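# Geometric and topological summary
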Amino acid sequence: MMIKKADQESILKLLNNLKNDYNIAAPVLLKKGKKEIVEYVFIDDLNDIYLDRQPDSSPKNIVFPQNSAIGKDYSGDKLYDPEKKTILWGVRSCDIEAIKTIDQVFIEDEMYTDQSYKANRDKTIIVGLSCEEREKNCFCDALGFNPIESDYAPIYLFIKEDQYYIKIKEKEYESLFSSLFDGDQTELNELLKLREKDFNSSEFEIDIPIPLPEKDIFEAEIWDEMSEKCLSCGVCTYYCPTCYCFNFFWDGNDHDSTRYKNWDSCMFTTYSAHASGHNPRDSKDKRYRNRIMHKFSYHPFNYEGLGCVGCGRCISRCPVNLDIREALKLTEKYLQTKGGAKKDG
Ligand code: SF4
Ligand code: SF4
């Protein structure tokens with residue numbers, strides 16, 4: 001392991017040099033109408049990098065594009081060069097853990113490898129960013145994740161005012177940072193000790209069995225209560241860093257057509273509709289149940305870990321303020337008391 005230390009100016013100089021050989025993707029503050037929003041995009045001007053708060057969107061779009069013509073990911077983006085690897089800069093722990101979740105499904109599942117996702121991931125070097133404080137709706141620590149550092153990123157940034165400490169955990173990446181001064185491990189340890197002490201942990205606590213036992217709660221009446229206000233808009237799934245559903249579309253005619261792969265959402269009313277017309281998830285309580293069960297029952301059952309990393313984006317973005325923490329609390333209460341009535345059928 002190697003530790004480097006640099007000020008902001010040296011970091012910008014370093015990235016400017018790396019830009020010759022790598023695509024750089026990082027959070028940027030964008031104006032969308034009257035709103036300001038922080039999103040991960042491929043960048044040219046490194047002064048645009050914005051690390052002051054949790055980005056509104058996750059970096060999912062960088063490894064798993066929202067819309068792409070098959071085999072031509074990011075082809076419309078002039079700042080992306082398919083011949084270069086990508087440095088994905090400033091990714092917080094929750095989003096790194098989310099990429100790990102998607103890797104489990106698209107790369108590590110022995111039944112299936114998504115070749116376009118794998119190609120993107122093989123080309124992506126994740127540079128993590130240690131969180132300095134918990135934001136309003138984050139609850140990653142309540143789910144057992146560490147907001148200060150995730151083991152899944154080979155390189156990590158710890159920023160204190162203008163100073164960057166860079167931890168390079170894998171030898172193959174050491175040369176990228178060779179122009180910077182060596183950092184001091186003891187100094188970094190002191191910083192981490194203070195950060196852990198001062199970190200404002202989540203007040204949210206949850207005590208549920210993982211995986212959630214489907215047989216005990218599938219027919220419980222809690223799903224009606226949780227989903228009553230839901231509009232089936234799918235916003236929560238689009239902003240969720242771990243949601244990975246997709247669909248294919250064709251554009252063109254019999255002689256000339258392009259096949260597209262786009263994100264999809266299990267919260268949409270027709271998502272699970274069969275060609276026969278039957279829809280096994282034809283009401284919002286069933287769709288909401290599937291969302292919670294997928295993250296806390298089916299994913300942990302099939303892979304390791306959870307399908308939710310506690311980033312809180314679904315809470316911040318839901319137009320009717322549905323809060324996944326409240327859904328988990330209802331689930332906890334139901335399982336502890338088994339007090340709720342079961343639904344018919
Ligand atoms: S964002 Fe809210 S309203 Fe929209 S589908 Fe998700 S839970 Fe329902
Ligand atoms: S379910 Fe919500 S809190 Fe959990 S990872 Fe997805 S967006 Fe974040």
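A quick note: this is a predicted structure, and the numbers were derived from the prediction, not measured.

## A closer look at the domain arrangement of the protein
Each assigned domain of the protein is listed with its residue range as follows: domain 1 (2–198) and domain 2 (214–337). Computed from C-alpha atoms alone, the centre-to-centre distance between domain 1 and domain 2 is 26 Å. In this complex, domain 1 contributes 25 residues to the contact, which on the side of domain 2 involves 24 residues. Elements with a minimum of two residues in the side of domain 1 that touches domain 2: β4 (67–69) and α3 (93–108). Of the residues belonging to the side of domain 1 that touches domain 2, the class tally is 14 nonpolar, 8 polar and 3 charged.

## Some thoughts on the environment of N302
Locating N302 in the fold gives a position in helix α9 (residues 284–302). According to the C-beta neighbour criterion, N302 is partly exposed, with 14 such atoms within 10 Å. When the C-alpha positions of N302 and V91 are compared, they lie 26 Å apart, and in sequence the two are 211 residues distant.

## A few points about the nonpolar core
Ranked by size, the top nonpolar core spans 67 residues in total, and within it A25, L88, V127, C140 and V309 carry the most contacts. Tallying contributions element by element places α3 first for this core, with 6 residues. Taken domain by domain, this core gets at least three of its residues from each of domain 1 (2–198) and domain 2 (214–337). Ignoring sequence-local partners within four residues, the contact set of L88 consists of A25, P59, I62, T124, I125, I126 and V127.

Conventions we followed
- Residues numbered from 1 in each chain as written.
- Chains lettered and ligands numbered in written order.
- Predicted model: local features only at pLDDT ≥ 70, side-chain atom pairs only at ≥ 80, totals over all residues.
- Domains from an automatic or database assignment.
- Contact = placed C-beta atoms within 7 Å.
- Helix = DSSP H or I, 4+ residues; strand = E, 2+ residues; numbered from the N terminus.
- Nonpolar A, V, L, I, M, F, W, Y, C, P; charged D, E, K, R; others polar.
- Buried ≥ 20, exposed ≤ 12 C-beta atoms within 10 Å, placed from the backbone.
- Core = buried A, V, L, I, M, F, W, Y, C linked by C-beta atoms within 7 Å.

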